Amino acid sequence: MYGTLLFISDKKYKKEKVLQIMQQYCFDYEIPEMEYQGELIKIRSRIENTEQRIIRHNYSEMILEYYDIGTYINERKEWGDKYILRLSNDLKDKKGYSKRNLERISWFAQKMKYYEILPQVGAVIPWRTLTDILSKNKSKEKIIWYIEKTYENGWSRSKLIEKIKSNAYELEKEELIM
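Residues numbered from 1 in each chain as written. Predicted model: local features only at pLDDT ≥ 70, side-chain atom pairs only at ≥ 80, totals over all residues. Heavy atoms only, no water.

## Some words on the pattern of salt bridges
Here is step 1 of the chain: The full count for this structure, using the stated rule, is 11 salt bridges.
Here is step 2 of the chain: Where R76 meets E78, a salt bridge forms, and the shortest distance between an N and an O atom there is 3.7 Å.
Here is step 3 of the chain: Between D132 and R157 there is a salt bridge whose closest N-O contact spans 2.4 Å. You can see D132 sitting in helix α7 (residues 127-136) and its partner R157 sitting in helix α9 (residues 157-165), a full 25 residues away along the chain.
Here is step 4 of the chain: A single network of salt bridges, built from pairs that share partners, joins R128, D132 and R157. (Salt bridge = Lys/Arg side-chain N within 4 Å of Asp/Glu carboxyl O. Helix = DSSP H or I, 4+ residues; strand = E, 2+ residues; numbered from the N terminus.)

## Considerations on the nonpolar core
Here is step 1 of the chain: Residues F108, L130 and Y146 are the most contacted members of the largest nonpolar core, which totals 28 residues.
Here is step 2 of the chain: Listed by contribution, the elements that provide at least two residues to this core are α3 (33-75), α4 (81-90), α5 (99-111), α7, α8 (140-153), α9 and α10 (168-177).
Here is step 3 of the chain: The element best represented in this core is α3, accounting for five residues.
Here is step 4 of the chain: Residues contacting F108, with those up to four places away along its chain left out, are I63, Y67, I117, W127, L130 and L134. (Core = buried A, V, L, I, M, F, W, Y, C linked by side-chain atoms within 4.5 Å. Buried < 20%, exposed > 50% of the residue type's maximum accessible area, 1.4 Å probe, protein only. Contact = heavy atoms within 4.5 Å.)

## Some thoughts on the packing of α7 against α8
Here is step 1 of the chain: Contact geometry of α7 with α8 gives a least axis separation of 9 Å together with a crossing angle of 150°. By the angle between their axes, α7 is roughly antiparallel relative to α8. The chirality of how α7 crosses α8 is right-handed. Packed against α7, whose contacting residues are T129, L130, I133 and L134, the element α8 presents I143, Y146, I147 and T150 at the interface.
Here is step 2 of the chain: Classifying every residue of the contact of α7 with α8 by side-chain character gives six nonpolar, two polar and no charged. (Axes fitted to C-alpha atoms, helices over the stretch in contact; angles between N-to-C directions. Parallel < 35°, antiparallel > 145°, perpendicular 65-115°, else oblique. Left-handed = near helix turned anticlockwise from the far one by under 90°. Nonpolar A, V, L, I, M, F, W, Y, C, P; charged D, E, K, R; others polar.)

## Overview of α7
Here is step 1 of the chain: Among the 10 residues that make up α7, seven are buried, leaving the element largely enclosed by the rest of the structure.
Here is step 2 of the chain: Listed as buried for α7 are W127, T129, L130, T131, D132, I133 and L134.

## Notes on the packing of aromatic side chains
Here is step 1 of the chain: For the coordinates displayed, the defined rule picks out eight aromatic pairs.
Here is step 2 of the chain: For the pair W79 and Y83, a centre-to-centre distance of 4.9 Å together with 85° between the ring planes defines the contact as edge-to-face.
Here is step 3 of the chain: Note on W79: relative accessible area 46%, which makes it partly exposed.
Here is step 4 of the chain: With relative accessibility at 18%, the residue Y83 sits in the buried group. (Phe/Tyr/Trp six-rings, centres within 6.5 Å; stacked < 30°, edge-to-face > 60°.)

## Considerations on the side chain of T129
Here is step 1 of the chain: Positionally, T129 belongs in helix α7.
Here is step 2 of the chain: The buried category is assigned to T129, whose relative accessible area is 5%.
Here is step 3 of the chain: Beyond its immediate stretch of four places on either side in the chain, T129 contacts T150, R157 and L160.

## Thoughts on the environment of K140
Here is step 1 of the chain: Among the structural elements, K140 can be located in helix α8.
Here is step 2 of the chain: Given the relative accessible area of 30%, K140 is considered partly exposed.
Here is step 3 of the chain: Between the alpha carbons of K140 and E116 there is a distance of 9.6 Å; along the sequence they are 24 residues apart.

## Remarks on unusual backbone geometry
Here is step 1 of the chain: Positive phi values are uncommon outside glycine, yet N167 reaches one of about 55°.
Here is step 2 of the chain: Relative to the helices and strands, N167 resides in the loop between α9 and α10.
Here is step 3 of the chain: Relative accessible area serves as the criterion here: at 39%, N167 is assigned to the partly exposed category.

## Re the confidence of the model for the protein chain
Here is step 1 of the chain: In this model, the protein chain carries a mean pLDDT of 80, and residues with pLDDT of at least 70 account for 80%.
Here is step 2 of the chain: The weakest mean pLDDT in the protein chain belongs to helix α1 (residues 2-10) at 48; the strongest belongs to α9 at 92. (pLDDT = per-residue confidence, 0-100.)

Set out below in structure tokens:
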């Protein structure tokens, strides 16, 4: 193939003729449709798996960052509410650091311990979903249960809220007792 291409380049053919000869030698194979579809499925699956891992990793990094920032804020409680307000103003160029969210971040760091977040799947579910779990449950046991179930079952935020309203935690505990 390369020899032919060299030979072609030695001769002074027009561009169209070179392309025609290259197509004849390089692109003359039929792609078997069934095999192609199998390869396409395999490639798409690999891409989607990687995308999911990237998303989970990003959630994990963001949750841990929020925990650290919440800890910093909580260490400066003596500065009062003006501290969070000033931070939110100074971080306007960054997404996710409004006054309200900084209050949630502080509350999250106050409610959870680092060792409870890191090994837990709470570090890989979306922040908004995590704050819903925290705000709608008082006990640590329930919080961790809802975090784990959300991850295991792939619950969306709306599905999670539905499960909390239907007291899924209590219902499962009752089933275990019976």
